[in-house]
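So you can see what is in the structure, the chains are spelled out below.
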Amino acid sequence: MKALIFNSGTGSRMGHLTEECPKGLLKLPSGESIFSRQLRILAECGIREVIVTTGKYGQELMVEGEKHPMLHITYVNNPLYESTNYIYSMYLAGEHLHDDILMLHGDLVFEKQLLLKLIEDERESLCLINKQADKPQKDFKGRVVEERLTEVSVHIFDENCYALQPLYKLSRDCMDKWRKEVALLVSQGRCNIYAEDAFNRIAAQTDIRLLSYEDYYITEIDTPKDYASVLENIIFYDEQHSL
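Attention in this report is confined to the structure presented alongside it. (Residues numbered from 1 in each chain as written. Predicted model: local features only at pLDDT ≥ 70, side-chain atom pairs only at ≥ 80, totals over all residues. Heavy atoms only, no water.)

Side note on the packing of aromatic side chains
Phase 1: Following the criterion strictly, the structure yields 6 aromatic pairs and no others.
Phase 2: Relative to Y194, the ring of Y86 has its centre 6.0 Å away and its plane inclined at 45 degrees; by these criteria the two rings are tilted. Here Y86, found in helix α3 (residues 86-92), pairs with Y194, found in the loop between α5 (172-187) and α6 (195-202); they are 108 residues apart in sequence, far enough to count as distant.
Phase 3: For Y194, a relative accessible area of 33% corresponds to the partly exposed category.
Phase 4: Clustering of aromatic rings is evident, with ring pairs tying together F6, Y86, F140 and Y194. (Phe/Tyr/Trp six-rings, centres within 6.5 Å; stacked < 30°, edge-to-face > 60°. Helix = DSSP H or I, 4+ residues; strand = E, 2+ residues; numbered from the N terminus. Buried < 20%, exposed > 50% of the residue type's maximum accessible area, 1.4 Å probe, protein only.)

Here is the structure:
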């Protein structure tokens, strides 16, 4: 199993915090960057191969990655990072995705126990859903039908939709279907949409089941307020779980 981390965005909503570095290199109270924490936890959970998509700050991410010599990290630069969404980064990384894949965003902060639970679950393809959390207004929700993921979108709010965090465990077969649909959309010039928009077109051909993150810490950093909340709360989780 490999991990794919999307780190090609500019973090424009973070203001001055990302003027000289990507969100993934923002520091946490432990002194680690978000990216370094992700790599450490992946390694501690047995992952040895990681694909990282990059944009403006590829060199800086490579320097950070050198702190984790136990990992074989492949960097895939998206030269069109300013005008495309990460669907294009996924397309560029496609040749490296012929495997079971953990796919995650570079601005996710999560605890090790959640990743272990995701990896060790016997089901081949999983998404992270919280049926108890309020539906976020501007972040992903997942539509669930018979305990299967059938759609991922920011814009869905009905009773079958729940809060979703963009960390997926995908079988090779599921990844192949998703990757091919991404390539089709990119060939049509649709490079400024979410990778999940490609998934929605082939969801019926997949079998992504649900894993609840209700009892675990995981959050995505999109704004300075999100970052401040992580700085305040991650210390508690790290102390409780020695992560």
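Observations concerning the pairing of strand β3 (residues 72-77)
Phase 1: Where strand β2 (residues 49-54) and β3 come together, 6 bridges link them in parallel fashion. Looking across to β3, one finds that V50 is bridged to I73.
Phase 2: In this view, the connection linking β2 to its parallel neighbour β3 by way of helix α2 (residues 58-65) has right-handed handedness. (Pairing = 2+ DSSP bridges. Right-handed = clockwise from strand over helix to strand, strands pointing away.)

Re the pattern of salt bridges
Phase 1: Enumeration according to the criterion identifies 16 salt bridges in this entry.
Phase 2: For E147, the salt bridge identified is with K131, shortest N-O distance 2.9 Å. You can see E147 sitting in the loop between β7 (141-145) and β8 (148-153) and its partner K131 sitting in the loop between β6 (126-130) and β7, a full 16 residues away along the chain.
Phase 3: Here D158 ties to R143 by a salt bridge, and the two come within 2.3 Å at their closest N and O atoms. Here the residue D158 occupies a position in the loop between β8 and β9 (161-170), and R143 occupies one in strand β7, the gap between them amounting to 15 residues.
Phase 4: Within the structure, one salt-bridge network assembled from shared partners comprises E32, R40, E44 and K112. (Salt bridge = Lys/Arg side-chain N within 4 Å of Asp/Glu carboxyl O.)

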